[in-house]
Amino acid sequence: MTTAREIMTNDVRCVQEDQSLAEAARLLRDLNVGAVPICGNDNRLKGMVTDRDIVVKCVAEGGDPQQAKAGELATGKPVTVGADDDISVALRTMADHKVRRLPVIDGHDLVGIISQADLARNLPEENIGDLVEAVSY
């Protein structure tokens, strides 16, 4: 059994819920990624923010990314996977929720992120197409 912990990227940086979306955008640029977790002042995961979220939900609506806070985009319960869950659980969770990145949680602590690419590198070849199809929309 291969676990989420074994395939995740464990050097995860969060944008804090009270940081501006402009700060979140700079973090995305600096890390060269398309999404980062939003963490609360209580160090708990609040959600994820993508570059597209910033454009569509703030800029396109006339919002000011210097003033809007990352926490404003953290709605609902974040979709996660447990660190010791089998990667088949991660695959099923990605497919069920149509997400391309999954925060990995150990207890209440964010310990990593699994991307679609992380899963693809660790799945049997015959399952890779299913993964791509399941999370594409």
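Scroll up for the structure.
Residues numbered from 1 in each chain as written. Predicted model: local features only at pLDDT ≥ 70, side-chain atom pairs only at ≥ 80, totals over all residues. Heavy atoms only, no water.

Caption draft 1: Here's a closer look at the pattern of salt bridges. Counted by the stated rule, this structure contains six salt bridges. Between Asp 53 and Lys 57 there is a salt bridge, with its nearest N and O atoms 3.7 Å apart. A residue pair is termed a helical-turn pair when its members lie 3 or 4 positions apart in one helix, as Asp 53 and Lys 57 do in helix H3 (residues 51-57) at four residues. Across the pair Arg 121 and Asp 118 runs a salt bridge whose closest N-O atoms are separated by 2.5 Å. Here Arg 121 pairs with Asp 118, and both are found in helix H5 (residues 116-122), just three residues apart, close to one helical turn. Looking at Asp 118, the relative accessible area reads 5%, which means it is buried. One salt-bridge network, in which partners are shared between bridges, spans Arg 5, Asp 84 and Asp 106. (Salt bridge = Lys/Arg side-chain N within 4 Å of Asp/Glu carboxyl O. Helix = DSSP H or I, 4+ residues; strand = E, 2+ residues; numbered from the N terminus. Buried < 20%, exposed > 50% of the residue type's maximum accessible area, 1.4 Å probe, protein only.)

Caption draft 2: Representation of the sheet that holds strand S3 (residues 45-50) in the model. Strands sit in the order S1-S2-S3 across an open sheet of three strands; the sheet is mixed. The open sheet is flanked by strand S1 (15-16) and S3, the only strands paired with a single partner. (Pairing = 2+ DSSP bridges.)

Caption draft 3: Region of interest: the layout of surface pockets. Reported here for the second largest pocket is a volume of approximately 330 Å³. Residue lining of the second largest pocket: 15 residues in total, with Thr 9, Asp 11, Val 33, Ala 35 and Ile 113 positioned closest to the centre. Elements with a contribution of two residues or more to the lining of the second largest pocket: strand S2 (35-39) and strand S6 (109-115). Looking at which element gives the most residues to the lining of the second largest pocket, the answer is S2, with three residues. Of the residues belonging to the lining of the second largest pocket, the class tally is eight nonpolar, three polar and four charged. (1 Å grid on protein atoms, 1.4 Å probe; cavity = no way out; pocket = protein on both sides within 12 Å on 5 of 7 lines; lining within 4 Å. Points joined across faces, edges and corners; volume = space filled by probe spheres on them. Nonpolar A, V, L, I, M, F, W, Y, C, P; charged D, E, K, R; others polar.)

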